[in-house]
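Observations on the three-dimensional arrangement
The primary structure of each chain is shown beneath.
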Amino acid sequence: MKLRFDYTPFMEKINHYFDQLLEQVVDLQVTTDGPIILMQVENEYGGYANDKSYMRKMAEMMIEKGVNVPLVTSDGPWGDMLENGSIPDIALPTINCGSKVKEHFKRLREFHGDKRPLMVMEFWIGWFDAWGDEAHHTTSVEEATNELSDILSEGSVNIYMFHGGTNFGFTSGANYYEKLLPDVTSYNYDALLAEWGDITPKYEAFKEVIRQYAEIPEFPLTTKIQKKIMDSKK
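All of the points below concern the structure found in this document. Remember, it's a predicted structure, so these values are computed and weren't measured experimentally. (Residues numbered from 1 in each chain as written. Predicted model: local features only at pLDDT ≥ 70, side-chain atom pairs only at ≥ 80, totals over all residues. Heavy atoms only, no water.)

**With respect to the overall build of the protein chain**
A tally of helices and strands in the protein chain yields six helices and nine strands. Seen through its principal axes, the protein chain has C-alpha atoms that stretch 60 × 55 × 40 Å. Counting across all 234 residues of the protein chain, residues that qualify as buried make up 38%. At a minimum sequence separation of 6, the contacts of the protein chain that also span at least 24 residues come to 64%. In the form shown here, the protein chain has an accessible surface area of approximately 14800 Å², with 55% of it arising from carbon and sulfur atoms. (Helix = DSSP H or I, 4+ residues; strand = E, 2+ residues; numbered from the N terminus. Buried < 20%, exposed > 50% of the residue type's maximum accessible area, 1.4 Å probe, protein only. Contact = heavy atoms within 4.5 Å. Areas by Shrake-Rupley, 256 points an atom, 1.4 Å probe, with all protein chains shown as cover.)

**Focus: the side chain of S74**
With respect to the helices and strands, the residue S74 is situated in strand β2 (residues 71-75). A polar side-chain atom of S74 sits 2.6 Å from a polar atom in the side chain of N96. (Polar contact = N/O pair within 3.5 Å; in protein donor to acceptor, adjacent residues only side chain to side chain.)

**A closer look at the packing of helix α1 (residues 8-23) against helix α2 (residues 52-64)**
It is at 11 Å that the axes of α1 and α2 come closest, and there the two elements cross at 30 degrees. When the axes of α1 and α2 are compared, the pair comes out roughly parallel. Taken as a pair, α1 and α2 cross one another with a handedness that is right-handed. Residues F10, M11, I14, N15, F18 and L22 of α1 touch α2, and the partners they reach there are Y54, K57, M58, M61 and M62. (Axes fitted to C-alpha atoms, helices over the stretch in contact; angles between N-to-C directions. Parallel < 35°, antiparallel > 145°, perpendicular 65-115°, else oblique. Left-handed = near helix turned anticlockwise from the far one by under 90°.)

**Observations regarding the packing of helix α4 (residues 101-112) against helix α5 (residues 141-152)**
Relative to each other, α4 and α5 sit at 30 degrees, their axes nearing to 9 Å. One element, α4, and the other, α5, form an angle in the roughly parallel class. Handedness of the α4/α5 crossing: right-handed. Residue-level contacts link V101, K102 and F105 of α4 to E147, D150 and I151 of α5. Of the residues in the contact of α4 with α5, the class split is three nonpolar, no polar and three charged. (Nonpolar A, V, L, I, M, F, W, Y, C, P; charged D, E, K, R; others polar.)

**Notes on the pattern of salt bridges**
When charged atoms on two side chains of opposite charge get close, those side chains can pair. In the structure shown here, the tally under the stated rule is 13 salt bridges. The shortest N-O distance in the salt bridge between E83 and R107 comes to 2.9 Å. With E83 in helix α3 (residues 81-85) and R107 in helix α4, this pair connects stretches of sequence that are 24 residues apart. Residues R211 and E208 are paired through a salt bridge, measuring 3.2 Å at the closest nitrogen-oxygen approach. With R211 and E208 both in helix α6 (residues 201-211) and three residues apart, this pair spans about one turn of that helix. Salt bridges sharing partners connect three or more residues here, namely E204, K207, E208, R211 and E218. (Salt bridge = Lys/Arg side-chain N within 4 Å of Asp/Glu carboxyl O.)

**A closer look at the sheet that holds strand β3 (residues 92-97)**
With parallel pairing, the five strands of this open sheet are ordered in space as β1-β2-β3-β4-β5. Two strands close off the open sheet at either side, each with one partner strand: β1 (39-40) and β5 (156-160). Pairing analysis gives two bridges linking β1 to β2, with the strands arranged parallel. Bridged to M39 within β2 is L71. Set on the sheet, α4 makes contact with β3 and β4 (119-124); between it and β3 the angle comes to about 160 degrees. (Pairing = 2+ DSSP bridges.)

See below:
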């Protein structure tokens, strides 16, 4: 088996998978008043390979199975990742990063031209922890909000992660740099909302930055559970 290439046995598996997956989400697109505004073809493929035939077939398969919102790709802005992982005539190239946004937006603009929108698809506002790390990985509120302001002054953003989470069982995965580094169960990620649901100072700071570019509706938050007494009479 050749994974993530235009290799017939693999593409047959992807086709079967998309039959099951997309059937569950195509009616949730914004074109039918749903919440899905974009769909992504692959993920950081430019750091893995550069098989454009594979990427095009993935996009075409998505369209054939009912995807009609704009397609995007998502890659690091370093080296040849954008060139390897992008199919600009089908999907909008976007970048993943957590710092030096102005520098990376310049690179993205040079790649796809001034007339196409700029977007950070994964704005890393923290990092994951691995077994053996000396401390929990965090990004300062000031650093993260400054980068957010730089993004919104030129383009759009998708925050990674907005809410921390938990990898139960053996689903935490691992990364390999100079050695294998298994991730810990917690995926708190120094996110805007903590793994257990708390609002953080970073959340409040981000809200103030976003407020400069868009109206933020206010609504009350409460931990009180409202009990509705149902009329037992028929």
